[in-house]
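# Close look at the chain arrangement
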Amino acid sequence: MALSAAARAALDQFKTQQQNAGYAAPEEPHDPPVPVQSSVAPASIPAPSQPLASAANTQEPTAWNRLNDPSTTIKMGGLFRPEQPKTFRESGVSYRVLEGLILKIIKQEGPQNEQQLADVMKITANVFRDILVSLNKRELLDTPFPMHYDLTGKGRELVAMVEREDGYIGPAPVPFSVYVEMVKAQAKRERRVTMGEVEEVFASYPMRPQLKSTLKEGFNSQRVMIFYGPPGNGKSLITDNLHRLLREPVLIPHAFEYNSKVVQLFDPAFHKVREDLMDREEAETAHSVSTAGKPDRRWIISEPPLVTVGTEFKVAQFDITFDGQYFAPPHLKANNGIFIFDDLGRQQEDHNMILNQFIYPLEHRASIIRFAGGSSMRAPFLQRLFLSTNLNHEEILDDAFKRRLLYQVLVDRPTTRLWKQIFMNEAGKVGLDKARAQELGERVVAWYKDDERVFRACDPRNLMTMIDASLDAGQRAEDVLDLMKMRDIYDRYPAAFKRDSKFFVGSMDTLGTGDEE
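Residues numbered from 1 in each chain as written. Predicted model: local features only at pLDDT ≥ 70, side-chain atom pairs only at ≥ 80, totals over all residues. Heavy atoms only, no water.

### What about empty space enclosed by the protein?
To find the voids left in a structure, one rolls a probe of water-molecule size over its atoms. Applying the stated rule across the entire model yields two cavities of 30 Å³ or more. The volume enclosed by the largest cavity comes to roughly 200 Å³. Along the wall of the largest cavity there are 14 residues; nearest its centre are Arg189, Glu190, Leu246, Arg247 and Glu248. Residue composition of the lining of the largest cavity, by class: seven nonpolar, two polar and five charged. When its volume is computed, the second largest cavity comes out at roughly 60 Å³. Contributing to the lining of the second largest cavity are Tyr179, Val183, Gln186, Leu251, Ile252, Leu265, His271, Pro305, Leu332, Lys333, Asn335 and Asn336. Secondary-structure elements contributing two or more residues to the lining of the second largest cavity are α8 (176–187), β5 (250–253) and α13 (330–333). No other element matches the three residues that α8 contributes to the lining of the second largest cavity. Each residue belonging to the lining of the second largest cavity can be placed in one class, and the counts come to seven nonpolar, four polar and one charged. (1 Å grid on protein atoms, 1.4 Å probe; cavity = no way out; pocket = protein on both sides within 12 Å on 5 of 7 lines; lining within 4 Å. Points joined across faces, edges and corners; volume = space filled by probe spheres on them. Nonpolar A, V, L, I, M, F, W, Y, C, P; charged D, E, K, R; others polar. Helix = DSSP H or I, 4+ residues; strand = E, 2+ residues; numbered from the N terminus.)

Next comes the structure, spelled out in structure tokens:
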């Protein structure tokens, strides 16, 4: 839609006022050189330099000096999040982005006062009050009733153009440079986990002691790990529970600004908000009438990210997507957390093409992320990468990536002894007493051996699910579960048989070793 002469004049006036007021954005840096990904590791390609940022973008958050434990920090009267900006310059947001955000909010929500705008953008009115005055003087906003602002005809034409470039509406972004520094600072808080912590996390899951030891070493190394082995034995359970070893909350912005583009980072599917800590921090500072000493609400306190992708993942998802708005790719959302690439080898695209995209980030701890349209940026890659597959990893991985896998973890089927422990744990969950569970477990193990079934770690849970589903309303498993009913469930259960076992390096079925340990 072409702008009218009046709207075009308003836009020209806006640019002139930016320059005269000192709000002109710094000259945008040229895009850094982008390495070409191929099946060969680009180890010889130097890392592109970080583009220079404006003075506003490089300003250090003044209050980000707290203990790792947010509860202790808040109790001591400090802030876990950075201190909120008190002026436009302290916010680090470009004039163009903040002005466009105000116009889009008013278009969507209708007439707004300063406090309503502040609540949506999660910044104080002091930050954007001058912008409101400027919009009003340029006849892009009107005041239909006192202290409220609405769009004029010229304002609606301008906001239509702004929306075509970026339809984002929400909290004001933080500068990309500040986001990068926050990720790096939080990565420095990493600590080594102990064997006791690993034992605690996996206390409810019987497993081999040597497996627990390998998990501790691999986790502390912060290197990529691959989990392989026959299906149904806990690879996904292990990778998900390793996340519990990351116990310190992290700070994540709702969005960041890069070259006047607002990229949405926060994703409730991967970031679990610590509402308790945020509410406590707000309550501790609510009594103050001053804008100083209050948390920057553009940041959220979250559990460390846990991002999982699977068969749907494609090479294109390493880029910033644009669907009317800009969205960060999954691996950027995983910073300061864990990125799990599940079902490796079953992707629609060649999985080695996907894995090759990780080679540069794993070598340089940074990734080159492209925008739709061709520009790019260099972002930190500070996370743990876990791969998981139930295929033969020796066959599906190429040498360029395989040599980077210091920790190749076999998650084998359980021994008979471990399987009995899992059976008794699951039987207890449906109400069976220990003696009854042990008796049934021994009988089911004998049936497995007679029929040459494979002992999978998931079988006891699935058998108990079928038992529970067979109960009528008001019935309890301990009252109706006899040997005949157990046999009926056993016969109907979709089992795996030894004759169908596949090759996995080091597995019991491959080596032909006993399983009574």
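### As for the packing of aromatic side chains
Overall, the coordinates contain 23 aromatic pairs when judged by the stated rule. Judged by centre distance (6.2 Å) and plane angle (65°), the rings of phenylalanine 313 and phenylalanine 339 are edge-to-face. With phenylalanine 313 in the loop between β9 (306–309) and β10 (321–322) and phenylalanine 339 in strand β12 (residues 338–341), this residue pair connects regions lying 26 residues apart in the sequence. The exposure class of phenylalanine 313 is buried, given its relative accessible area of 1%. Residue phenylalanine 339 is classed as buried on the basis of its relative accessible area, which comes to 0%. On the basis of an interplanar angle of 75° and a centroid distance of 5.8 Å, the ring pair of tyrosine 326 and phenylalanine 371 is categorised as edge-to-face. (Phe/Tyr/Trp six-rings, centres within 6.5 Å; stacked < 30°, edge-to-face > 60°. Buried < 20%, exposed > 50% of the residue type's maximum accessible area, 1.4 Å probe, protein only.)

### Some points on the sheet that holds β9
Pairing is parallel in the open sheet, where five strands are placed in the order β9-β12-β15-β4-β16. Taken across any chain shown, the strands that pair with only one partner, and hence form the sheet edges, are β9 and β16 (407–410). Pairwise comparison of adjacent strand axes, ignoring direction, gives a mean angle of 20° for this sheet. Here four bridges tie strand β4 (residues 225–228) to β16, and the two strands are oriented parallel to one another. What sits directly across from isoleucine 226, in β16, is glutamine 408. (Pairing = 2+ DSSP bridges. Axes fitted to C-alpha atoms, helices over the stretch in contact; angles between N-to-C directions.)

### Concerning the side chain of histidine 271
Relative to the assigned elements, histidine 271 resides in the loop between β7 (261–264) and α12 (275–285). Judged by its relative accessible area of 2%, histidine 271 is buried. Here the side chain of histidine 271 touches lysine 333 through a polar contact of 2.9 Å, landing on its backbone oxygen. (Polar contact = N/O pair within 3.5 Å; in protein donor to acceptor, adjacent residues only side chain to side chain.)

### Considering the packing of helix α19 (residues 434–451) against helix α22 (residues 483–492)
Orientation of α19 relative to α22, taken along the N-to-C sense of each, is 40°, at an axis distance of 11 Å. Between α19 and α22, the crossing angle belongs to the class labelled oblique. In terms of crossing hand, the pair formed by α19 and α22 is right-handed. Taken together, the residues of α22 that come into contact with α19 (itself represented by Leu440, Arg443, Val444, Trp447, Tyr448 and Asp451) are Leu483, Met486, Arg487 and Tyr490. (Parallel < 35°, antiparallel > 145°, perpendicular 65-115°, else oblique. Left-handed = near helix turned anticlockwise from the far one by under 90°. Contact = heavy atoms within 4.5 Å.)

### Notes on the pairing of strand β6 (residues 255–258)
Here β6 shows two buried faces, one formed by Ala255 and Glu257 and the other by Phe256 and Tyr258. Pairing geometry for strand β3 (residues 174–175) and β6, over two bridges, is parallel. Along β6, the bridge assignment pairs valine 174 with phenylalanine 256. Alignment of β6 against β7, held across four bridges, turns out to be antiparallel. Across the sheet, residue glutamate 257 finds its bridge partner in β7, namely valine 262. Following β6, the chain reverses through two residues before pairing antiparallel with β7; asparagine 259 in that reversal takes a positive phi of roughly 50°.

### Description of the pattern of salt bridges
Pairing is possible between side chains that carry opposite charge, provided their charged atoms lie close to one another. Summed over all chains, the structure comprises 27 salt bridges. Each of Arg81, Glu281 and Glu282 takes part in one network of salt bridges that share partners. (Salt bridge = Lys/Arg side-chain N within 4 Å of Asp/Glu carboxyl O.)

### Comments concerning the environment of asparagine 336
Within the secondary structure, asparagine 336 is located in the loop between α13 and β12. Take asparagine 336: its relative accessible area is 9%, and that puts it in the buried class. In sequence terms asparagine 336 and glutamate 303 are 33 residues apart; their C-alpha atoms lie 9.7 Å from each other. For asparagine 336, the residues in contact, after removing those within four places along its chain, are Val183, Gln186, Ala187, Val250, Pro304, Pro305, Leu382 and Gln383. In terms of polar contacts, asparagine 336 uses its side chain to reach the backbone carbonyl oxygen of valine 183, at 3.2 Å.

### What about unusual backbone geometry?
Despite not being glycine, glutamine 222 has its phi angle at roughly 60°, a positive value. With respect to the secondary-structure elements, glutamine 222 resides in the loop between α10 (209–221) and β4. Residue glutamine 222 is classed as partly exposed on the basis of its relative accessible area of 28%. Positive phi outside glycine occurs at aspartate 343, with the angle close to 55°. Tracing the sequence through the fold places aspartate 343 in the loop between β12 and α14 (351–356).

### Regarding the pairing of strand β13 (residues 366–370)
Moving residue by residue along a regular strand, the side chains alternate between the two faces of the sheet. The buried fraction of β13 is high, at four of five residues. Taken together, the five bridges between β13 and strand β14 (residues 376–380) define a ladder with antiparallel strand orientation. The partner of isoleucine 369 across the bridge, within β14, is methionine 377.

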